[in-house]
Amino acid sequence: MTGSCHIEPIDVAVVAARVRTPAGDRILLTRRHPDGILPDSWELPGGKFEDGEAAAAAAARELQEETGLEAAGLDPLGVWESPASRPPVRLHAFLAEIPGDIPPPVRLDGPVDARWITPEQLADWPLPPSNGPVTEALLARLTGPAEPAAGHGSTPDPGIGD
């Protein structure tokens, strides 16, 4: 029997947590556990949706669960599918405003390390290839107009803000 088997992508919330310091923005990266998928990879915090969960709710929950941080606001960056990932994933990315003007301590649950970096340093960190469109949109948002970044494969997400 021939044919292709379509596997529905797993919905994953990705959160670019930002603190606005006097010296400029800082973005939180976390490092995956060495024994898991993509071992020791640095990434933006996030994780899978729970059943029936809206994208923004998943983003806020994952940020709080993995880092102990509460977002003062979530701004959608876009939605991208990564069919090359196994299993395929659909990334729902958000920019999260973290209150205060200094990066707060991070309480890790899942990730094994965390760093607050400048947006310009993102290119220097070994992020998973699926995060490429997310970081492009993030950099466009932080350096350009306040409107959401267009293109880069983004699609509307009717679940955002539910």
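The notes below deal with the structure included here. (Residues numbered from 1 in each chain as written. Predicted model: local features only at pLDDT ≥ 70, side-chain atom pairs only at ≥ 80, totals over all residues. Heavy atoms only, no water.)

1. Looking at the overall build of the chain
Phase 1: In terms of helices and strands, the chain carries 2 helices and 7 strands.
Phase 2: The buried share of the chain, taken over its 162 residues, is 44%.
Phase 3: Taking contacts inside the chain between residues at least 6 apart in sequence as the whole, the part at least 24 apart equals 66%.
Phase 4: In the form shown here, the chain has an accessible surface area of approximately 8,600 Å², with 55% of it arising from carbon and sulfur atoms. (Helix = DSSP H or I, 4+ residues; strand = E, 2+ residues; numbered from the N terminus. Buried < 20%, exposed > 50% of the residue type's maximum accessible area, 1.4 Å probe, protein only. Contact = heavy atoms within 4.5 Å. Areas by Shrake-Rupley, 256 points an atom, 1.4 Å probe, with all protein chains shown as cover.)

2. Section: the packing of aromatic side chains
Phase 1: Taken as a whole and judged by the stated rule, the model has 1 aromatic pair.
Phase 2: Centre to centre, the rings of W42 and W125 are 4.7 Å apart; their planes meet at 75 degrees, and the pair counts as edge-to-face. Placement of the pair is W42 in strand β3 (residues 42–43) and W125 in the loop between β7 (113–117) and α2 (132–143), with a sequence separation of 83 residues.
Phase 3: W42 gets classed as buried once you look at its relative accessible area, which sits at 9%.
Phase 4: W125 gets classed as partly exposed once you look at its relative accessible area, which sits at 23%. (Phe/Tyr/Trp six-rings, centres within 6.5 Å; stacked < 30°, edge-to-face > 60°.)

3. Describing the nonpolar core
Phase 1: In this structure, V14, L29, L44, V134 and L138 are the most contacted members of the largest nonpolar core, which totals 20 residues.
Phase 2: Membership of the second largest hydrophobic core comes to 15 residues, among which are L28, A55, A56 and A58. (Core = buried A, V, L, I, M, F, W, Y, C linked by side-chain atoms within 4.5 Å.)

4. Here we look at the pattern of salt bridges
Phase 1: One pass over the structure, following the stated rule, counts 14 salt bridges.
Phase 2: A salt bridge links R61 to E65, with the shortest nitrogen-to-oxygen separation between them at 3.1 Å. Of this pair, R61 and E65 both sit in helix α1 (residues 55–67), 4 residues apart, roughly one helical turn.
Phase 3: Put simply, E50, E53, R61, E62 and E65 are held in one network by salt bridges that share partners. (Salt bridge = Lys/Arg side-chain N within 4 Å of Asp/Glu carboxyl O.)

5. Some points on the side chain of E43
Phase 1: Mapping E43 onto the fold places it in strand β3.
Phase 2: In terms of polar contacts, E43 uses its side chain to reach the side chain of R32, at 3.0 Å.
Phase 3: Other than its neighbours up to four places away in sequence, E43 contacts L28, L29, T30, R32, L127, P128 and N131. (Polar contact = N/O pair within 3.5 Å; in protein donor to acceptor, adjacent residues only side chain to side chain.)

6. Here we look at α1
Phase 1: With 13 residues, α1 should cover 18 Å at 1.5 Å per step; its first-to-last C-alpha distance of 18 Å lies within 8% of that length.
Phase 2: Of the residues flanking the end of α1, it is G68, one or two places downstream, whose phi is positive at about 80 degrees. (Expected span 1.5 Å × (residues − 1).)

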